[in-house]
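# Survey of secondary and tertiary structure
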Amino acid sequence: MAIKIALAGNPNSGKTTLFNALTGSNQFVGNWPGVTVEKKEGKLKGNKNVVITDLPGIYSLSPYTLEEVVARNYLINERPDAILNIVDGTNLERNLYLSTQLMELGIPVIMAVNMMDVVDKNGDRIYTDKLSKKLGCEVVEISALKGTGIQKAAEKAVAVANSKNVTVPVHTFAPEVESVLDAVEAKLGSNIDDNQKRFFAIKLLEKDDKISTQMKSVPDVTKEIDEIETKMDDDTESIITNERYVYISSIIDECSTKNSKGKLTIS
Ligand code: BGO
């Protein structure tokens, strides 16, 4: 059976450049079922047993745009063997918002930090070993444009797909949120794979109304939502979003430095 790898990332992260470099002319272009969003698939150069699916460029797995819905439904229903998450190294903070959500899907994830040629040229640093530990997935530095690191990223994605070791997020939310998430997970039936329960629980807590279309039965979680909203005096969607931003900003502080030379300062 072919190995399925999904390429996921923000718009402009270099996804098309990487997809073309990895697949060359072995590409098939169509549309995602029922929508006019382009679907591209291709076989990995040098390994015809690996099919790479290029997901639409997205900023989040929220259901606000057609692209987000298409990408997440594919990830939930088709369960690729691995996700290759391409992030723009010059815009790490913004890109990690999607990454933290991809890691909750119960699928093995490899992160490829792209645009490293620009990061190096700017004199900035990204400590990928630290980043890897903080996120709980392997991280590879690449330049899709120059072709550096891309073979290594593809090899690691194939290896993690074969290992079937799902990525377990290192990040946890505040204890109050985690305890409510446990209660929601316990309400999810056996028709949801254990590896996917955390993702569904978070979406239900966020009051994501489109997630119900992906579930055979939807538990009532109003009590859990009320409990956490009263306790934290905020709505659940904002609570989860804010916690992601706080976590990401702590990662950025520990895992990267910006070169201040050449920047204008007020003295
Ligand atoms: C233009 N390094 C550098 N320096 N640039 C890269 C790299 C990299 O590793 N990877 C991609 N790019 P897409 P999405 C462009 O098109 O693959 C560049 O949306 C231009 N075009 O070449 O399209 C890539 O699929 C005119 O840049 O991203 C592209 O994720 C001037 O990043 C852009 C300058 O890549 C987006 C750049 C007419």
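Residues numbered from 1 in each chain as written. Predicted model: local features only at pLDDT ≥ 70, side-chain atom pairs only at ≥ 80, totals over all residues. Heavy atoms only, no water.

What follows deals with the overall build of the protein chain. Across its full length, the protein chain carries ten helices and nine strands. The C-alpha radius of gyration of the protein chain comes to 19 Å, within 12% of the 18 Å expected for a compact globule of 267 residues. Along the first, second and third principal axes, the C-alpha atoms of the protein chain reach 60 × 55 × 35 Å. Summing over all exposed atoms, the protein chain offers an accessible surface of approximately 12800 Å²; the carbon and sulfur share of this is 50%. (Helix = DSSP H or I, 4+ residues; strand = E, 2+ residues; numbered from the N terminus. Rg over C-alpha atoms; globule rule 2.2 N^0.38 Å. Areas by Shrake-Rupley, 256 points an atom, 1.4 Å probe, with all protein chains shown as cover.)

What follows covers the site of the ligand. Neighbouring the ligand are 15 residues, the closest being N12, K15, T16, T17 and D117. T17 is positioned with one of its side-chain polar atoms (N or O) 2.5 Å from an oxygen atom of the ligand. Within the backbone of A144, a nitrogen or oxygen atom sits 3.1 Å from an oxygen atom of the ligand. Out of a free accessible area of 750 Å², the ligand has 54% covered by protein chains. (Near = heavy atom within 4 Å. Polar contact = N/O pair within 3.5 Å; in protein donor to acceptor, adjacent residues only side chain to side chain.)

So, about the packing of aromatic side chains. Summed over the entire model, instances satisfying the criterion amount to three aromatic pairs. Relative to F200, the ring of F199 has its centre 6.0 Å away and its plane inclined at 85 degrees; by these criteria the two rings are edge-to-face. Exposure remark for F199: the relative accessible area of 2% places this residue in the buried category. On the basis of relative accessibility, which here comes to 2%, the residue F200 falls in the buried class. Directly above the ring of W32 sits K39, whose terminal nitrogen or CZ lies 4.6 Å from the centroid. (Phe/Tyr/Trp six-rings, centres within 6.5 Å; stacked < 30°, edge-to-face > 60°. Buried < 20%, exposed > 50% of the residue type's maximum accessible area, 1.4 Å probe, protein only. Lys NZ or Arg CZ within 6 Å of the ring centre and 35° of its normal.)

Every α-helix winds through 3.6 residues per turn, so residues three or four apart in the chain are directed the same way. Within the span of helix α1 (residues 15-23), buried status applies to K15, L18, F19, L22 and T23. Down the axis, α1 shows its buried residues gathered within 110 degrees of arc, on one side only. Each element contacted by the buried residues of α1 is listed here: β1 (3-9), β2 (27-31), β3 (38-44), β4 (47-54), β5 (82-88) and α6 (150-163). Trailing α1 by a residue or two, G24 shows a phi angle of about 60 degrees, which is positive. (Arc of directions from axis to C-beta. Contact = heavy atoms within 4.5 Å.)

Applying the stated criterion across every chain yields a total of 14 salt bridges. As a salt-bridge pair, K134 and E254 come within 3.3 Å of each other at their nearest N and O atoms. Residue K134 is located in helix α5 (residues 128-135), and its partner E254 is located in helix α10 (residues 236-255); the two are separated by 120 residues in the primary sequence. In this structure K134 comes out as partly exposed when scored by relative accessible area, which is 29%. Given the relative accessible area of 38%, E254 is considered partly exposed. Shared partners join several salt bridges into a network, and the residues in it are K15, K40 and D54. (Salt bridge = Lys/Arg side-chain N within 4 Å of Asp/Glu carboxyl O.)

This part takes up unusual backbone geometry. The bulk of non-glycine residues show a negative phi, and the bulk of peptide bonds are trans. A positive phi angle is found at M115, which is not glycine, with a value near 65 degrees. On the basis of relative accessibility, which here comes to 22%, the residue M115 falls in the partly exposed class. Residues other than glycine seldom take positive phi values, yet K164 does so here, at roughly 60 degrees. Here K164 is to be found in the loop between α6 and α7 (175-187). You can call K164 exposed: its relative accessible area is 61%.

The next subject is the side chain of T236. By the element assignment, T236 lies in helix α10. Not counting chain neighbours up to four residues away, the residues in contact with T236 comprise L205, E206, K207, I225, I228 and E229.

This paragraph deals with the packing of helix α3 (residues 92-102) against α10. Where α3 meets α10, the closest approach of the two axes is 10 Å, and the angle between their N-to-C directions is 125 degrees. Here α10 runs oblique to α3, going by the angle between their axes. Note on packing geometry: the crossing formed by α3 with α10 is right-handed. Only T241, R244, Y245, Y247, I248, S249, I251 and I252 of α10 make contact with α3, whose side of the interface consists of L92, E93, L96, Y97, T100 and Q101. Residues that form the contact of α3 with α10 fall into these classes: eight nonpolar, four polar and two charged. (Axes fitted to C-alpha atoms, helices over the stretch in contact; angles between N-to-C directions. Parallel < 35°, antiparallel > 145°, perpendicular 65-115°, else oblique. Left-handed = near helix turned anticlockwise from the far one by under 90°. Nonpolar A, V, L, I, M, F, W, Y, C, P; charged D, E, K, R; others polar.)

Pairing between β2 and β3: five bridges, direction antiparallel. When the sheet's bridge partners are listed, F28 is paired in β3 with E41. The antiparallel hairpin formed by β3 and β4 contains two residues in its connecting segment, where G46 sits at a positive phi of about 85 degrees. (Pairing = 2+ DSSP bridges.)

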